[in-house]
Amino acid sequence: MTQDNQIIIFDTTLRDGEQSPGASMNMAEKLRIATQLEKLGVNVIEAGFPAASEGDFEAVKAISQVLTTTQVAALCRANASDINRGWEAVKNAAHPRIHTFIATSELHMKYKLQMDANQVLEQAIGAVKLAASYTDNVEFSAEDGSRSNPDFLCKIFEAVIDAGAKTINLPDTVGYAIPEEFSELVRYVMKNTPNIDKAILSVHCHNDLGLATSNTLSAVKAGARQVEVTINGIGERAGNTSLEEVIMAMHTRPGFFPYTSSIDTTRIYPISRLVSMITGILVQPNKAIVGANAFAHEAGIHQDGVLKNPMTYEIMKPETIGLSKNSMVLGKHSGRHALNAHIQGMGYNLSKEELDKVFKQFKNLADKKKTIQDEDIEALVNEGVLRSSEVFALEYLHVVSGNKVFPTASVHLTINGKSVKKASEGNGPIDAVFNIIAELTGTKSELLRFTVSALTAGTDALGEVTVRLKENDVVALGKGADADIITASALAYINGLNRLEYLKEHPAVKPEKLQHI
Ligand code: KIV
Ligand code: ZN
């Protein structure tokens, strides 16, 4: 296979990204992200780990039925039952891929797998042969590759390519590699795997030392032609290589990185927001490319320079990643058509019913807030669309509070469409609301974290609340946004409870059960 200058973008937001603590997504949310990833132009979407849970299986299957141009990969351990299950999930995809993996480092083979190198080799060959009997699009990963013996890596890669693997992946599973060392390893593998020309070499880096993007780019310079990435760099522990950083490094420094990809960079910012909204994982303000401060200039000397010529302090244009400079675009007099056009420009395609809901909320918000910004619209789309088919929904909320009154709240909810209501007191208005919601829903979650932030500047800004809830060892994040922060808190709490409900119905297999083949 020719290793030309086209870089294959393999997105694992829905698999490794979902392994971030508390980031689990329901089927509708995964489908929404998958659809946007396809529009972004990624070549492969790793949609999940079908053998891990019924929910993962169903989500991979549903994504396979919807995507038309992007390849859909199912992750499977190197054993027959995982591979059979993985194939069952992706077989109806327009372009299915089976991604099978086994650990190859001494440490993992000895302690985790309790197998010797020959057994691992045989297991890998058997798994790839079985996968190749289903599809010619098979990827093999050598888990903990960066800490594996380089000669063993070459041996197993040669064998799995002979067995039918078309992509071989070298992961830095624990984020231990250093760029120079990692690129040397890539060069070594390219040079010492005799049939490497029959496969694409891929890399998959974790960010434990903050080096995932550097390691990935160094590997590309050394010959890797597939990069495994996630939106906002979410993933296990410190996360995975972030898609936006790799793409924008290549875009901004084409002289140094003379490579191409099929990514539409103007969709980067919208999808970053969407993933953050859905997973509840906030993007740190100083995060490269998509952080709130990535294009903000605070120092006077910088502001002066940027006004004279943006290139003085901006190496990228905000528009390139889909961040509109003039975000103050819609207001009270904007019509349905203008709202829809704007929403489409932000990367969302709503059905007529969805648009109806969002438009209604938009009009309500426009009565309270003079200017509506992109962040507000995203929040409306999130509230009005992404939550439509959940178990618990807020119908009505009335709160009385102040410095001389005892806080009381009255809450009406629907539970699976059936109305319930209650009024009560609390230590504060939010405490009163949360107690009532917990009672009405019969849930016993513990509130681990509660944060409030403003989505935009100004006292009329939408408040965004994030909660972290725990029930019987299951942790879920919930998010809510509204001009009223008590309503935003109620929405966030209910969103967290819905996520807990989903996790109860779709229990993921515990990590320790996934260790052994
Ligand atoms: O980090 C890792 O090694 C993985 C593999 C399954 C590719 O996620
Ligand atoms: Zn990983």
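Residues numbered from 1 in each chain as written. Chains lettered and ligands numbered in written order. Predicted model: local features only at pLDDT ≥ 70, side-chain atom pairs only at ≥ 80, totals over all residues. Heavy atoms only, no water.

### Some details on the overall build of the chain
Summing up its helical and strand segments, the chain has 17 helices and 14 strands in all. Scaling as 2.2 N^0.38, a compact globule of 517 residues should have a C-alpha radius of gyration of about 24 Å, and the chain matches this with 24 Å. In terms of principal-axis extent, the alpha carbons of the chain reach across some 75 × 60 × 40 Å. Here the chain holds 517 residues, and the buried ones make up 56% of them. When the accessible surface of the chain is totalled, it reaches about 22100 Å², and 52% of it is carbon and sulfur. Taking the 51 positively charged and 61 negatively charged side chains of the chain as two groups, their mean positions are separated by 3 Å. (Helix = DSSP H or I, 4+ residues; strand = E, 2+ residues; numbered from the N terminus. Rg over C-alpha atoms; globule rule 2.2 N^0.38 Å. Buried < 20%, exposed > 50% of the residue type's maximum accessible area, 1.4 Å probe, protein only. Areas by Shrake-Rupley, 256 points an atom, 1.4 Å probe, with all protein chains shown as cover. Lys, Arg positive; Asp, Glu negative; His and termini not counted. Charge placed at Lys NZ, Arg CZ, Asp CG, Glu CD.)

### Description of the packing of aromatic side chains
Scanning all chains against the criterion turns up 7 aromatic pairs. The interplanar angle of 10 degrees and the centroid separation of 5.4 Å between the aromatic rings of Trp87 and Tyr134 together place this pair among those described as stacked. You can see Trp87 sitting in helix α3 (residues 80–90) and its partner Tyr134 sitting in helix α5 (residues 117–134), a full 47 residues away along the chain. Arg147 extends its terminal NZ or CZ atom over the ring of Tyr176, reaching a point 5.9 Å from the ring centre. Here Lys221 stacks its cationic end above the ring of Phe256, 3.9 Å away from the centre of that ring. (Phe/Tyr/Trp six-rings, centres within 6.5 Å; stacked < 30°, edge-to-face > 60°. Lys NZ or Arg CZ within 6 Å of the ring centre and 35° of its normal.)

### Notes on the pattern of salt bridges
Taken as a whole, this structure holds 20 salt bridges when the rule is applied. Here Arg77 and Asp82 are joined by a salt bridge, their closest N and O atoms 2.8 Å apart. With a shortest N-O distance of 2.7 Å, Glu143 and Lys112 are connected by a salt bridge. Here Lys112 lies in helix α4 (residues 106–113) and Glu143 lies in strand β5 (residues 138–143), a separation of 31 residues in the sequence. Accessibility expressed as a relative area gives 15% for Lys112, which makes it buried. Connected through salt bridges with shared partners, the residues Arg15, Asp16 and Glu46 form a single ionic network. (Salt bridge = Lys/Arg side-chain N within 4 Å of Asp/Glu carboxyl O.)

### Considerations on the sheet that holds strand β9 (residues 392–400)
With antiparallel pairing, the 3 strands of this open sheet are ordered in space as β9-β10-β11. The strands lining the two open edges of the sheet, one partner per strand, are β9 and β11 (418–425). Neighbour to neighbour, the strand axes of the sheet diverge by 15 degrees on average, direction disregarded. Note that strand β10 (residues 408–415) and β11 share 8 bridges and pair antiparallel. Within β11, the position partnered with Ala409 by the bridge is Ser424. Against the sheet, helix α15 (residues 429–441) contacts β9, β10 and β11, and its axis sits at roughly 35 degrees relative to β10. Together, β9 and β10 form the strand contacts of helix α16 (residues 485–505), whose direction differs from that of β9 by roughly 150 degrees. (Pairing = 2+ DSSP bridges. Axes fitted to C-alpha atoms, helices over the stretch in contact; angles between N-to-C directions. Contact = heavy atoms within 4.5 Å.)

### Considerations on a nonpolar patch on the surface
A contiguous nonpolar surface patch, about 300 Å² in accessible area, is contributed by Leu447, Phe450, Val452 and Ile485. Tallying contributions element by element places strand β12 (residues 446–454) first for the nonpolar patch, with 3 residues. Within the secondary structure, Ile485 sits in helix α16. Owing to a relative accessible area of 40%, Ile485 belongs among the partly exposed residues under this scheme. (Patch = residues over 30% accessible without salt bridge, like charges linked within 9 Å, V, L, I, M, F, W, Y side chains within 5 Å.)

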